[in-house]
Amino acid sequence: MTAPARVRPFGERLAAAMDVHGPLCVGIDPHASLLDAWGLPDDAAGLREFAHRVMDAVAGRVAAVKPQAAFFERHGSAGVAVLEEVVAAGRETGTLVVVDAKRGDIGSTMGAYADAFLRDGSPLAGDALTVSPYLGFGSLDPAVDLALATGRGLFVLCLTSNPEGPDVQHARTAQGVTVAAQVAARAAALNTGAASLGSIGLVVGATVGTAVRDAGVDLAAVAGPLLAPGVGAQGAGAAELAAVFGDARRQVLASSSRGVLAAGPEVGALRTAALEASSQAAAALR
Ligand SMILES: O=c1ccn([C@@H]2O[C@H](COP(=O)(O)O)[C@@H](O)[C@H]2O)c(=O)[nH]1
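Cut-offs used in this document
Residues numbered from 1 in each chain as written. Predicted model: local features only at pLDDT ≥ 70, side-chain atom pairs only at ≥ 80, totals over all residues. UniProt positions renumbered as here; feature names shortened; annotations may be inferred. Helix = DSSP H or I, 4+ residues; strand = E, 2+ residues; numbered from the N terminus. Rg over C-alpha atoms; globule rule 2.2 N^0.38 Å. Contact = placed C-beta atoms within 7 Å. pLDDT = per-residue confidence, 0-100. Buried ≥ 20, exposed ≤ 12 C-beta atoms within 10 Å, placed from the backbone.

As recorded in an unreviewed UniProt entry, the protein goes by the name Orotidine 5'-phosphate decarboxylase, listed as coming from Cellulomonas iranensis. UniProt, in the comment section headed Catalytic activity (unreviewed entry), describes the protein in these words: "orotidine 5'-phosphate + H(+) = UMP + CO2". Here is the UniProt Pathway (unreviewed entry) comment for the protein, exactly as written: "Pyrimidine metabolism; UMP biosynthesis via de novo pathway; UMP from orotate: step 2/2."

Colleague: I would appreciate a short explanation of the overall build of the protein in the present structure.
Modeller: Of regular secondary structure, the protein possesses 14 helices and eight strands. Its C-alpha radius of gyration of 18 Å places the protein within 12% of the 19 Å reference for a compact globule of 286 residues. Once the C-alpha set of the protein is aligned to its principal axes, its extents read approximately 55 × 50 × 35 Å. Put simply, 77% of the contacts in the protein that link residues at least 6 apart link residues at least 24 apart.

Colleague: Just to check I follow, could you spell out the confidence of the model for the protein for this structure?
Modeller: The predicted coordinates of low-pLDDT regions are not to be read in fine detail. This prediction gives the protein a mean pLDDT of 97; 98% of its residues lie at or above 70. Predicted complex metrics record ipTM = 0.99 and pTM = 0.97.

Colleague: Can you walk me through the UniProt feature "active site" (unreviewed entry) in the protein in this structure?
Modeller: Taken from the UniProt record, the annotation "active site" (unreviewed entry) applies to Lys102. Along the chain, Lys102 turns up in strand β3 (residues 96-103). Its 18 C-beta neighbours within 10 Å are what place Lys102 among the partly exposed residues.

In structure tokens form, the structure reads like this:
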């Protein structure tokens, strides 16, 4: 009997993509204001044109794209269909797709989210999904299991880029460690034995300043990818990336949405902005 083909883990695929293209993820966040600035209607047709222009500009040229599910869901089922098209375009062009849906629920419901976003054959299943551990890290088990079984990945919210995050993430558990440090330790345990990067990553905002140190989070020990939103529109740049991530900088996938999308609507201008952001991230993180 032949052994089943081994699926290549997400972490390995992401490490390879970052080696080729640099450490940038382009966020696809079709804000109503951006649709307007691009001369597109704030409806599913406008959304579709926007999303395809971004994919035309960056697919095969950056390590990953990150469609923000909320901006697709606000257009109802027609918007979700466009999200499915983005996922399909990523598959067709060999571009990794991180679906930023930040799912998190009790374990039994988490199984259904995993089925939607991480199961082979699901039209919403990209290469990785953002998830929230704030119903308890163990509630994510169905997503962890399915991601690892299908060669997909997770990015678990750890230290988010918004100013409200520390209220929860810097709080201390009964064991005396911060919530963020505990999230990081759980991710590290899941990446034990991974060949290059593990497939269970964290979200750590590039805007968090000294929070990694303040909250006692050991990012290098995670041995998985670190998705770093906050680059561009939220104010972080090369200096912040280098300062926040220190010794863990080789694990970082910097993420910029509006910072790149503001260059639209022309495909060439979007591509130039993305490649420039990618070079800057590479220089900051090398
Ligand atoms: O801590 C987090 C987690 C996720 N995000 C998401 O990233 C983008 C940021 O967009 P910009 O236009 O580059 O500011 C957006 O989809 C957020 O939901 C984050 O910003 N911070």
